[in-house]
Amino acid sequence: MFKVNEGVLTFGIRVFNSIGFFVYVPLLSLWLVRIKNLDITEMSVVVAAFTFVSKAGNVLAGGVVNKLGIKNSLIVGLWGSALLLTMLTLIQSYTFIFVIVLLLGISLSLYNVSLKTHISLLGEDERLRAFALLNIAVNVGASIGPLLGGWLLDWNSVGIIIAAIVCYVLAGGISLLLPRITIEDAEKGIHIVQFVKNSKSTPGFFVFIRFIAFSGLFWFLYTQLFTTFPVVSSQHFSGKTIGLFFTVNAMTIIVLQGLYPKIQPKWRIEYWYALAFVLITVSYFILWISHHFWIIFIGVILFSIAEIIWVPTIDHQIVEKKGILSSSWAFGISGVLWGMWESIGGFVGLNLYEYVGQKTFFYLAMISTMIFVGYMFHLSYRKMSFFTNKNQLEGKDWR
């Protein structure tokens, strides 16, 4: 009997899912205003809720995956998303839109946890190849999806949802080809409840909590490009042009992401974070000062370079700073807090637009500047504390 490599299957699932996700999510705020006639406040609440649940749902999805199994969970998550998007095109009630978007976020979480768990259970060689293909697939979807979504939004606004539905159905169909997979509890580390109970005797607890709180600031800033930017720029650019900017973001990451791990050791991680904050702030200023295509183009590239820096660095440091907490719980809890930061970011950005209009990114640049300044003060304080403690150990007193 003909058997397809599981790594290839997961690659195909991820490609179609990523295209389906990116074809509508970056333009969801604009679509809700145009098609569902939501005002800015209603739309910002819906988008913030979707953003939060799509990340926070990762914690809830783990138990469902254990009950249904990986293959069934993949199919339910993907085809469930297609069904919910179909319902979204048919209803006009704000309340029902809000509920469906919440369920959509949970459905996407179920898919993401299922696929991650599946890959983690593959053999070592196959697992490494599958994760590599997974990263490529995400960027393929992020390159094609926004551009396709922008064209469809201009041609027929319902088209972006239909395209997403087709992609989710195809991804679910590929999932049927996967073998039944037994979930093995091979995860090392302790449960989150034990981690919290032992917080006083576990030095790494507060280190981990502080880090995920800090890393959430990047997600707060990140969501401005994908939630606030389409609304702010819709008065100056067509849907396909806005989609092109998102494609530029994805292509920049595809081309340059491989360079960062090679040069990262040449500089302290703290300085890379500072550089990322600077690039984000500059990109916000550029998005505010001009609506010329090539100026915005440069701003998006600078934002993308910042993303190349902070995304893999944060993922890497989560593993370093989780201590004795299991990896699944570390990323699950991180997902909840990151979802909260993204939700707050989307809500703040969209409501800023309602009150200040085209000056939105000026105020966002000011917020980013304050975050950067606060971070530099923190680094300076840590450095001074280090030297003070060192001098005390050496019996010196510089007062």
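Above this note sits the structure.
A quick note: this is a predicted structure, and the numbers were derived from the prediction, not measured. (Residues numbered from 1 in each chain as written. Predicted model: local features only at pLDDT ≥ 70, side-chain atom pairs only at ≥ 80, totals over all residues. Heavy atoms only, no water.)

With that settled, consider the environment of Tyr 273. By secondary structure assignment, the location of Tyr 273 is in helix H12 (residues 269–289). Owing to a relative accessible area of 4%, Tyr 273 belongs among the buried residues under this scheme. Linking Tyr 273 and Tyr 375, residues 102 residues apart in sequence, is a C-alpha distance of 9.1 Å. (Helix = DSSP H or I, 4+ residues; strand = E, 2+ residues; numbered from the N terminus. Buried < 20%, exposed > 50% of the residue type's maximum accessible area, 1.4 Å probe, protein only.)

Summed over the entire model, instances satisfying the criterion amount to 35 aromatic pairs. With centroids separated by 5.2 Å and ring planes inclined at 85°, the aromatic side chains of Phe 21 and Phe 22 adopt a geometry described as edge-to-face. Overall, Phe 22 belongs to the buried group, its relative accessible area being 16%. On the numbers, 6.4 Å between centres and 75° between planes, the contact of Phe 229 with Phe 361 is edge-to-face. Remark: Phe 361 occurs in helix H15 (residues 360–393) and Phe 229 occurs in helix H9 (residues 204–233); sequence separation between them is 132 residues. Accessibility classification places Phe 229 together with Phe 361 in one group, the buried group. The residue whose ring lies beneath Arg 268 is Tyr 271, and the NZ or CZ to ring-centre distance is 5.4 Å. (Phe/Tyr/Trp six-rings, centres within 6.5 Å; stacked < 30°, edge-to-face > 60°. Lys NZ or Arg CZ within 6 Å of the ring centre and 35° of its normal.)

Take the packing of helix H4 (residues 70–90) against helix H7 (residues 159–175) next. Packed helices, taken two at a time, are described by their axes: the angle between them and the distance between them. One way to put it is that H4 packs onto H7 with a least axis distance of 9 Å and a crossing angle of 160°. When the axis of H4 is compared with that of H7, the two are roughly antiparallel. The hand of the H4/H7 crossing is left-handed. Residues Lys 71, Leu 74, Ile 75, Leu 78, Trp 79, Ser 81, Ala 82, Leu 85, Thr 86 and Thr 89 of H4 form the contact with H7, whose participating residues are Ile 161, Ala 164, Ile 165, Tyr 168, Val 169, Ala 171, Gly 172, Gly 173 and Ser 175. (Axes fitted to C-alpha atoms, helices over the stretch in contact; angles between N-to-C directions. Parallel < 35°, antiparallel > 145°, perpendicular 65-115°, else oblique. Left-handed = near helix turned anticlockwise from the far one by under 90°. Contact = heavy atoms within 4.5 Å.)

Turning our attention to the nonpolar core. In summary, soluble globular proteins display a tendency toward joint burial of nonpolar side chains. Tyr 24, Leu 32, Leu 85, Phe 218, Phe 229 and Trp 310 are the most contacted members of the largest nonpolar core, which has 97 residues in total. Broken down by element, this core gets its largest block of residues, 14 residues, from H9. The contact partners of Leu 85, leaving out residues within four places of it in the chain, are Tyr 24, Leu 104, Ile 161, Ala 164, Ile 165 and Tyr 168. (Core = buried A, V, L, I, M, F, W, Y, C linked by side-chain atoms within 4.5 Å.)

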